[in-house]
There are 2 protein chains.
Amino acid sequence: MSKEQTLITGQQRSTDSWLTIRGRHFRSRLILGIEQYTSAKVIAEVLRSGRCDVFITTFDLRNSKPSIPLSELSDILEIDEFIWMGTTSFARTQEEALRTAYILRESLGIDVIKLDVRPIDSRPDNEQTVAAAKELIGQDFAVLPFIQPDADTATELATIGCSAVRVLASQVGSNRGIDDELAIRRVYDAVDIPVIIEGGLGSPAHVVSAMELGAAAVLVNTAVACAPDPVLMASSMRHAVLAGENFVAARQPATASGAGHG
Amino acid sequence: MSKEQTLITGQQRSTDSWLTIRGRHFRSRLILGIEQYTSAKVIAEVLRSGRCDVFITTFDLRNSKPSIPLSELSDILEIDEFIWMGTTSFARTQEEALRTAYILRESLGIDVIKLDVRPIDSRPDNEQTVAAAKELIGQDFAVLPFIQPDADTATELATIGCSAVRVLASQVGSNRGIDDELAIRRVYDAVDIPVIIEGGLGSPAHVVSAMELGAAAVLVNTAVACAPDPVLMASSMRHAVLAGENFVAARQPATASGAGHG
């Protein structure tokens, strides 16, 4: 695979990043969860089709190994060109989340954590998430925690130094879209860190709505992973993000000639 | 301007056309109305940004001249590479619509008519539209009539040989999206000609929803023309169409490897 094919330029309209962590620039506003895939080939094609620049991996505590076929992947994808983020999406308790994060750092050198603490599969526990975030930041991780949309929790997470906050749109895997726009707007108003909208985003219309609400980025997982054609679905979601991003920008007074937009 | 810049490839996923009229292939599923613009430069940039392959023009009956600056446009855009379509969007009666069509053919050689008969600015008159369509088809025009979503009217229009049928999503200029999904679904089920959804599509989320409903294409006008940055808005709508199109396709069982989709 040539470098050109894997080098990611998801954010076509500009080269600005919406988040920078320790010199690593997040440009694509589409983040795809890939922990549900078993085929390295499909992961590679989905990431390319979505023009993603974040690579999410995790560690299976039960089987003591990375949950996706990393060595196989590195044969077909230049994964070092992605920003590596570890996820604790299988953690049901704060302790499991912390353990996963430590193992990810020890085994793969990952220090950016997509922090999930979900006692019930589909629902983040805000209190345990705050506690885990504090601990991880104390241990010099960059943390992107996942919460139910609550402005006070988001404020606390921003105050302790989280890099971004991820808020639940609707039940994970539900493909239902955004349940409570107002709650998400309140989070958006409360914090200065980027807000990522995630969970239940099942169609490009949901993604557009999330961008309209002010999301810096969206995280899509099940809708792509479970689609009959996940590669095409990743492309759909990429276009939806660009549609939403351009829509928000197009409603601002024009600054330049307007030519050359993506 | 180089040929490459104006040659249109809106439909990235495939080169199939969704409509062919007398050897002219409609590929982009985004059609932009441009009769509200006065600047040739903006028209050119909007069409490019939307990757449109249809060029819509009309004739101002009151001032006896084309409603957009055609000569100026041909200096900056290779308009002959577009499919020319004449619109009767200012016609309030069947007679005005017919007169506009005849003038468009005499003055510009246009024989593809986007037929609107709207006694009230925002509302097509189905009965007069059918009558005008019959007359125009008898005079060897290709006709794409605009109706309020009604399956019987759509069936009649298909039977008399219309090339496609355009159905109203919501009040023209309202930016409200789709008022009556069921009525549009019934039109879609009733006819075999392409269904174009149009009117009130104000955001990329509306466009995605229209594509999900089975639209072969969408026609967007006010939302782009009245945006502070119409060029960026055209880009947003283009991505929305691609998002919707890929979404529909991604839910079909995969046929190929899935690689290389747009």
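Residues numbered from 1 in each chain as written. Chains lettered and ligands numbered in written order. Predicted model: local features only at pLDDT ≥ 70, side-chain atom pairs only at ≥ 80, totals over all residues. Heavy atoms only, no water.

## Some thoughts on the pairing of strand S12 (residues 217-220) of chain A
Residue and element names in this part refer to chain A.
- Residues Ala217 and Leu219 point to one face of S12 and Val218 and Val220 to the other, with burial holding for every one of them.
- As paired strands, strand S3 (residues 30-32) and S12 are joined by 3 bridges and run parallel to one another. What sits directly across from Leu30, in S12, is Val218.
- Pairing of strand S11 (residues 195-198) with S12, which is carried by 3 bridges, proceeds in the parallel orientation. Within S12, the position partnered with Ile196 by the bridge is Ala217.
- After leaving S11, the chain enters helix H8 (residues 204-212) and then returns to the sheet as S12, a path that is right-handed. (Buried < 20%, exposed > 50% of the residue type's maximum accessible area, 1.4 Å probe, protein only. Helix = DSSP H or I, 4+ residues; strand = E, 2+ residues; numbered from the N terminus. Pairing = 2+ DSSP bridges. Right-handed = clockwise from strand over helix to strand, strands pointing away.)

## Overview of the packing of helix H2 (residues 40-49) of chain A against helix H10 (residues 230-250) of chain A
Residues and elements named next belong to chain A.
- Taken N-terminus to C-terminus, the directions of H2 and H10 make an angle of 20°; their axes are 8 Å apart at the nearest point. Comparing the axis directions of H2 and H10 gives the class roughly parallel. For H2 against H10, the interelement crossing comes out right-handed. Where H2 approaches H10, its residues Val42, Glu45, Val46 and Ser49 are matched on the opposing element by Pro230, Val231, Ala234, Ser235 and Arg238.
- Residue classes in the contact of H2 with H10 are distributed as 5 nonpolar, 2 polar and 2 charged. (Axes fitted to C-alpha atoms, helices over the stretch in contact; angles between N-to-C directions. Parallel < 35°, antiparallel > 145°, perpendicular 65-115°, else oblique. Left-handed = near helix turned anticlockwise from the far one by under 90°. Contact = heavy atoms within 4.5 Å. Nonpolar A, V, L, I, M, F, W, Y, C, P; charged D, E, K, R; others polar.)

## Structural notes on the pattern of salt bridges
Residues and elements named next belong to chain A.
- In the structure shown here, the tally under the stated rule is 26 salt bridges over all chains.
- Ionic pairing is found between Lys114 and Asp116, a salt bridge with its closest N-O pair at 3.6 Å.
- For Lys114, a relative accessible area of 1% corresponds to the buried category.
- A single salt-bridge network, built from bridges that share partners, covers Glu35, Lys114, Asp116, Arg118, Arg166 and Glu198. (Salt bridge = Lys/Arg side-chain N within 4 Å of Asp/Glu carboxyl O.)

## Remarks on H10 of chain A
- Its 21 residues give H10 of chain A an end-to-end C-alpha distance of 30 Å, which sits within 8% of 30 Å, the value for a rise of 1.5 Å per residue.
- Judged by how many residues are buried, H10 of chain A sits mostly within the fold: 20 of 21 residues are covered. (Expected span 1.5 Å × (residues − 1).)

## Some words on the sheet that holds S3 of chain A
Residue and element names in this part refer to chain A.
- Spatially, the 8 strands line up as an open sheet ordered S3-S12-S11-S10-S9-S8-S7-S4, and their pairing is parallel. Strand pairing shows two members of the sheet lacking a second neighbour, S3 and strand S4 (54-57), which therefore form its edges. Pairs of neighbouring strands in the sheet enclose a mean axial angle of 25°, with direction left out of account.
- Here 4 bridges tie strand S8 (residues 112-115) to strand S9 (residues 142-147), and the two strands are oriented parallel to one another. From the neighbouring strand, Leu115 faces S9, where its bridge partner is Pro145.

## Focus on the sheet that holds strand S9 (residues 142-147) of chain B
Residues and elements named next belong to chain B.
- Read across the open sheet, the 8 strands follow the order S3-S12-S11-S10-S9-S8-S7-S4; overall the sheet is parallel. Each of the sheet's edge strands pairs with one partner strand only, and the pair in question is strand S3 (30-32) and strand S4 (54-57). Here the average twist between neighbouring strands, direction ignored, is 25°.
- Direction of pairing for strand S7 (residues 83-87) relative to strand S8 (residues 112-115): parallel, over a ladder of 2 bridges. Looking across to S8, one finds that Gly86 is bridged to Ile113.
- Where helix H5 (residues 126-138) meets the sheet, it contacts S8 and S9, and its direction lies at approximately 180° from that of S9.

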